[in-house]
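Residue strings, one per chain:
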Amino acid sequence: MRCRILVLCAFICLFVILAEARQRKVNHSADRRSLAVRSGHRNQRSGARHGARLAARSRNQRKRRLNAAKRSRRRRNLARKSNRKIKAKTESVVGSSYATLPLDFQQNFVRTTDNLRSEKAFLANRYGFSFAKTSGTATLKNTANMEYTCKMNIGTPKQKFTVLPDTGSSNIWVPGPHCRSKACKKHKQYHPAKSSTYVKNGKSFAITYGSGSVAGVLAKDTVRIAGLAVTNQTFAMTTKEPGTTFVTSNFDGILGLGYRSIAVDNVKTLVENMCSEDVITSCKFAICMKGGGSSARGGALIFGSSNTSAYSGSHSYTYTPVTKKGYWQFTLQDIYVGGTKVSGSVQAIVDSGTSLITAPTAIYKKINKVIGCSATSSGECWMKCSKKIPDFAFVIAGKKFVVKGNKMKLKVRTNRGKTVCISAVSEVPDEPVILGDAFIRHFCTEFDLANNRIGFAATTYAT
């Protein structure tokens, strides 16, 4: 009996053990399924988040590409508009090794007697001679109203200036920030603190004009003209512009285009730097002047090329050597007025900084006799504007360069408001003959530094 009881207990225990094992197996399987479900949910959420991030990144990339494309289109459109504006406004042309800069012409310009006398004082100081004394005590003003100007930029970013292109001097100067003269206050001033490319020099600078010395200090900066840039170009910032010389001028400063030998402080000239820095491949520049009446476009200043066909047509250049490096000086072989020879060989200078032509006393008197004008004690010869005078012929390198007689008269308004005419030729005591705008306006003039020569070609437009 006891044995049966023991066997029964053993079976009960075995049954309990097997039941518990089965339950553990069921629970373990359920746990694995729950874990898999939770893991799947986590993976699904993670994948969803990753997909969302990828989609957002893709959207941002597309947006950036679209914005970049819009900015690029906007820049191109602005560039095209800017180019159209520049072309319409200035007609500038820039090549790989040359550039053309338009000259502006003062519309309907009629000089006054004060203009005339002050311009003569300007020339007298430049070349070291004196004109005949003026009668009376006229106030000299508006000396520098020389009609033709061009645009120039200095610094980074650009500071824009209107300058007088002057082959009769060799320095660049513009009003400086510390100039308190009336002339400076009426014109644009250079501010070195606003330029990231400004380099201090500090050396003093002075040029004497009719009513005093223009004083200042030298500086270096990037100078841009006609689309060409010259780095570390030395120029002057004026600190004093006394008198009335530049108060009413239609330009801010001077762009000197003469030889370095006449530069104040022996400053290297702009064109010289263009050549040494390979900004231009042909070491030359040319001036073609035009204008008159209501025309505001006054021709062009061309750097690095003598292709002036737009102004001189098919006319070829006649060259003559520079006889003295400093001013653009050469031998003028003869001068004729009508059929009368009034001068043999004389030295002459091409000076774009003045509107006048000057002649030594002996030549001046012969010219006046032929044209029949009335000489004054101030060195001018007056006539009625209706008077017809013969053509002038200037013989250079064996070729005659003819200026029509009516173009050798200049209109002048007297202090009483009356308009009269004078001969374009004014009297000086001796050589050289100065050929200013009254001559240059009819001939494109090339200034060749590489070969030290000057070239002349007749223009094809009405002047």
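Owing to the predicted nature of the structure, the values given are computational and were not obtained by experimental measurement.

A. Fine view of the overall build of the protein. Across its full length, the protein holds seven helices and 29 strands. Sequence separation of 24 or more characterises 69% of the internal contacts of the protein that already satisfy a separation of 6 or more. When the accessible surface of the protein is split by element, carbon and sulfur atoms take 53% of a total near 23,100 Å².

B. Representation of a positive patch on the surface within the structure. Together, Arg59, Arg62, Lys63, Arg64 and Arg65 line one region of the surface with positive charge. Looking at where Arg65 falls in the secondary structure, it is placed in helix α1 (residues 2–90).

C. Main features of the sheet that holds strand β17 (residues 340–343). With antiparallel pairing, the four strands of this open sheet are ordered in space as β17-β16-β22-β23. With one partner strand each, in any of the chains shown, β17 and β23 (399–403) form the two edges of the open sheet. Averaged over all pairs of adjacent strands, the angle between their axes in this sheet comes to 30 degrees, without regard to strand direction. As judged from the three bridges shared by strand β16 (residues 334–337) and β17, these two strands associate in the antiparallel manner. In the strand pairing of β17, Ile335 is matched with Ser343. Taken strand by strand, helix α6 (residues 361–371) contacts β16, β17 and β22 (392–396), and its axis lies near 155 degrees from that of β17.

D. Spotlight on α6. Of the residues making up α6, those classed as buried are Ile363, Tyr364, Ile367, Asn368 and Ile371. Burial along α6 is one-sided: seen end-on, the buried residues are contained in an arc of 135 degrees. Relative to its buried face, α6 has exposed residues pointing more than 90 degrees away, namely Ala362, Lys365 and Lys369.

E. Highlighting the state of the cysteines. Scanning the model with the defined rule gives five disulfides in all. Covalent S-S linkage joins Cys288 and Cys444, the inter-sulfur distance amounting to 2.1 Å. In this structure, the disulfide formed by Cys288 and Cys444 twists by about 125 degrees around the S-S bond and is classed as right-handed. Highlighted residues: Cys288 in strand β11 (residues 284–289) and Cys444 in strand β28 (residues 443–448), separated in sequence by 156 residues. Of the residues examined, Cys288 reaches a relative accessible area of 0% and is grouped as buried. You can call Cys444 buried: its relative accessible area is 0%.

F. Expanded view of the environment of Phe392. Here Phe392 lies in strand β22. For the pair Phe392 and Gly405, spaced 13 residues apart in the sequence, the C-alpha separation amounts to 6.3 Å.

G. Focus on the sheet that holds strand β26 (residues 425–428). Pairing is mixed across the open sheet formed by six strands, whose spatial order is β14-β15-β18-β27-β19-β26. Edge positions in the open sheet fall to β14 (324–325) and β26, since each of these has one partner strand only. Strands β18 (346–350), β19 (357–360) and β26 of the sheet are contacted by α6, whose axis makes an angle of about 110 degrees with β19.

H. Representation of the packing of aromatic side chains within the structure. Enumeration over the complete set of coordinates arrives at 17 aromatic pairs. Residues Tyr317 and Tyr319 carry aromatic rings whose centres are separated by 5.9 Å and whose planes lie at 25 degrees to one another, so their mutual orientation is stacked. In this structure Tyr317 comes out as buried when scored by relative accessible area, which is 16%. Judged by relative accessible area, which is 29%, Tyr319 ranks as partly exposed. Between the aromatic rings of Phe330 and Phe456, the centroid separation amounts to 5.5 Å while the plane-to-plane angle is 55 degrees, which identifies the pairing as tilted. Of this pair, Phe330 sits in strand β15 (residues 328–332) while Phe456 sits in strand β29 (residues 453–458); the two residues are 126 residues apart in sequence, bridging distant segments of the chain.

I. Expanded view of the pairing of strand β25 (residues 419–423). Extensive coverage of β25 is indicated by the burial of four of its five residues. Relative to β25, strand β21 (residues 381–383) is paired through two bridges, and the arrangement is antiparallel. By the bridge assignment for β25, Trp382 is matched with Ile422.

J. How the structure looks around the nonpolar core. In terms of nonpolar packing, the biggest core is built from 80 residues, with Leu255, Phe285, Leu301, Phe303, Phe394 and Phe439 touching the most fellow members. A domain-level breakdown of this core finds at least three residues from each of domain 1 (136–305) and domain 2 (309–458). Discounting residues that sit within four places of it in the chain, Leu255 has contacts with Cys150, Met152, Val163, Leu164, Pro165, Asp166, Asn171, Ile172, Ile225, Leu270 and Leu301. Among the nonpolar cores identified, the runner-up in size contains 13 residues, and Ile207, Val214, Phe246 and Phe251 belong to it.

K. Seen up close, the pairing of β15. A large share of β15 lies buried, amounting to four of its five residues. Bridge count between β14 and β15: two bridges; the pairing is antiparallel. From the neighbouring strand, Lys325 faces β15, where its bridge partner is Trp328. In textbook terms, the turn of a hairpin is the stretch between consecutive antiparallel strands, and for β14 and β15 this stretch comprises two residues. In terms of strand pairing, β15 meets β18 through four bridges, oriented antiparallel. Its bridge partner being in β18, Phe330 is matched across the sheet by Ala348.

L. The pattern of salt bridges, seen in detail. Evaluated as defined, the whole model comprises five salt bridges. For Glu446, the salt bridge identified is with Lys284, shortest N-O distance 3.6 Å. A residue pair is termed long-range when its members are at least 10 positions apart, and Glu446 in strand β28 and Lys284 in strand β11 qualify at 162 residues. Accessibility classification places Glu446 together with Lys284 in one group, the buried group. A salt bridge links Asp448 to Arg453; the nearest nitrogen and oxygen atoms lie 3.0 Å apart.

Reading guide: rules and limits
- Counting from 1, residues in each chain are numbered in the order their sequence is written.
- Given that this is a predicted model, residues contribute local features only at a pLDDT of at least 70 and side-chain atom pairs are listed and counted only at 80 or more, while totals for whole chains, interfaces and linings are drawn from all residues.
- Calculation of side-chain values draws on the structure's entire complement of heavy atoms; hydrogens and water are dropped beforehand.
- The way it works is that DSSP assigns letters per residue, a run of H or I at least four long becomes a helix, a run of E at least two long becomes a strand, and they are numbered from the N terminus.
- Here, two residues are considered to be in contact whenever any of their heavy atoms come within 4.5 Å of each other.
- Areas reported as accessible are Shrake-Rupley estimates using a 1.4 Å probe. Residue values count occlusion only from the protein chains shown.
- Put simply, a patch holds well-exposed residues, over 30% relative accessible area, that have no salt bridge, with like charges counted together within 9 Å and Val, Leu, Ile, Met, Phe, Trp or Tyr side chains within 5 Å.
- By definition here, a salt bridge exists when the distance from a side-chain nitrogen of Lys or Arg to a carboxyl oxygen of Asp or Glu is within 4 Å.
- This count recognises Lys and Arg as positive and Asp and Glu as negative, with His and chain-terminal groups excluded.
- To locate a charge, take NZ of a lysine, CZ of an arginine, CG of an aspartate or CD of a glutamate.
- When DSSP finds at least two bridges between two strands, those strands are taken to pair.
- All axes here are fitted lines through C-alpha atoms, helices being fitted over the stretch that makes contact, and every angle between N-to-C directions spans 0 to 180 degrees.
- Residue exposure (1.4 Å probe, protein chains only): buried if accessible area is under 20% of the type maximum, exposed if over 50%, otherwise partly exposed.
- Note that the arc is computed from the directions linking the helix axis to the C-beta atoms.
- Cysteine sulfur atoms are paired as a disulfide whenever they fall within 2.5 Å.
- Centre distance within 6.5 Å is the pairing criterion for rings of Phe, Tyr and Trp, where only the six-membered ring of Trp is used; planes under 30 degrees apart are then read as stacked, over 60 as edge-to-face, and the remainder as tilted.
- Buried residues of nine kinds, namely Ala, Val, Leu, Ile, Met, Phe, Trp, Tyr and Cys, make up a nonpolar core once their side-chain atoms join them within 4.5 Å.
- The domain limits used here are those given by an automatic or database domain assignment.

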